[in-house]
Every structure is written in structure tokens, then in C-alpha cells.
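Inside the fold
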Amino acid sequence: MALENQELRKAGLKVTLPRVKIYQILERAGEGDHFSAEDIYKLLMEQGEDVGLATVYRVLTQFEAAGLVSRHHFEGGHSVFELARDEHHDHVVCVKCGRVREFTEPKVSEILDKVADELGFTITDRTLYLYGVCKDGCEDKNS
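Residues numbered from 1 in each chain as written. Predicted model: local features only at pLDDT ≥ 70, side-chain atom pairs only at ≥ 80, totals over all residues. Heavy atoms only, no water.

Looking at an unreviewed UniProt entry, one finds the protein chain named Ferric uptake regulation protein and attributed to Marinobacterium alkalitolerans. The record held by UniProt for the protein chain lists under Subcellular location (unreviewed entry) the comment "Cytoplasm". For the record of the protein chain, the UniProt heading Sequence similarities (unreviewed entry) holds the text "Belongs to the Fur family." (UniProt positions renumbered as here; feature names shortened; annotations may be inferred.)

Below you can see the structure in the form of C-alpha cells.
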């Protein structure tokens, strides 16, 4: 728990049990895992933690403001969160089941930098979401 405390303090946040527990869930997530506030709330309930859904939303908003998490708004209207990372990555989202996969492809960055340069821009930030149908059963299902 010391690492979580250190990260929270470094971000200028007071160390509280809900913040630590939510940070731990995000930290333990597998690569490419993205959680909605409801997902985190359910995991906390399964762990026997007494943290309300409103608290989860509030903590995630505080984490986002402090730069600890990134919020993504994928199609389907809900926000999902992941720990902020230094390396850039993009996302592919299944429009049927909502599955999200991350990828890093240097050629994409090169092409986008070239296009921006040709248009007289320097890219300072970017977001790339690709939408499709995953091959894990959704592609075979009838629409």
C-alpha cells in the first residue's frame, strides 16, 4: 500500500481508503483493461469494501484532474478509465460487445506526424479509436 500512498501524495491528493482501494484496482488491471465507475464499484463490493458509487465517480474525477488516470469516451456513451501511462497507445473497440484492445504502431504515429507537418501543424496530443467487430465470437453473430 506504500506505493499507492506515494502516488496519491505525489499527485497532491490526501491518502484515503477509497482512493487507495480504487488506485489498487486500476493498478492491478491487466494491460488493456479499462474500467467504468460501475465496474470499479462492483469490484469494491465483491471485496467487501463499503465505498459508494458516488464516491467512486468523485475519486475517478479527482484522479483524472491529478493526471493519474485517463478517461476514454468510447461509442456507447459510457466513460472508462485506465491508469495514465507515459507511452502513447491507441484503441480498437468492438461495436457489438464493447471489448477494448490497445495497440502501439509506430507507423501510425509517423503517418500522422507527416500529415500534420504537411498541414503546418505540430501534434501535441492525439486520440485514435478504431471501431469494428472482434473475432472473438462477435464477427460470427448475426447483426
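From this point, things continue past the structure.
1. Regarding the packing of helix α3 (residues 37-46) against helix α4 (residues 53-65)
α4 packs onto α3 with a crossing angle of 125° between their chain directions and a minimal axis gap of 9 Å. As the angle between them shows, α3 and α4 are arranged oblique. The handedness of the crossing between α3 and α4 is right-handed. Between α3, through A37, E38, I40, Y41 and L44, and α4, the contact on the second element is made entirely by L53, V56, Y57 and L60. (Axes fitted to C-alpha atoms, helices over the stretch in contact; angles between N-to-C directions. Helix = DSSP H or I, 4+ residues; strand = E, 2+ residues; numbered from the N terminus. Parallel < 35°, antiparallel > 145°, perpendicular 65-115°, else oblique. Left-handed = near helix turned anticlockwise from the far one by under 90°. Contact = heavy atoms within 4.5 Å.)

2. Considerations on the sheet that holds strand β3 (residues 90-94)
The mixed open sheet is built from three strands, whose spatial order is β4-β3-β5. At either end of the open sheet lies a strand with only one pairing partner, and these are β4 (100-103) and β5 (129-132). Taken over all neighbouring pairs, the strand axes of this sheet differ in orientation by 25° on average, direction set aside. In the sheet, β3 pairs with β4 via four bridges, with the strands oriented antiparallel. Along β4, the bridge assignment pairs V92 with R101. (Pairing = 2+ DSSP bridges.)

3. A closer look at the side chain of D90
Tracing the backbone shows D90 in strand β3. Here the side chain of D90 touches R126 through a polar contact of 2.5 Å, side chain to side chain. Not counting chain neighbours up to four residues away, the residues in contact with D90 comprise R101, E102, F103, V108, R126 and L128. (Polar contact = N/O pair within 3.5 Å; in protein donor to acceptor, adjacent residues only side chain to side chain.)

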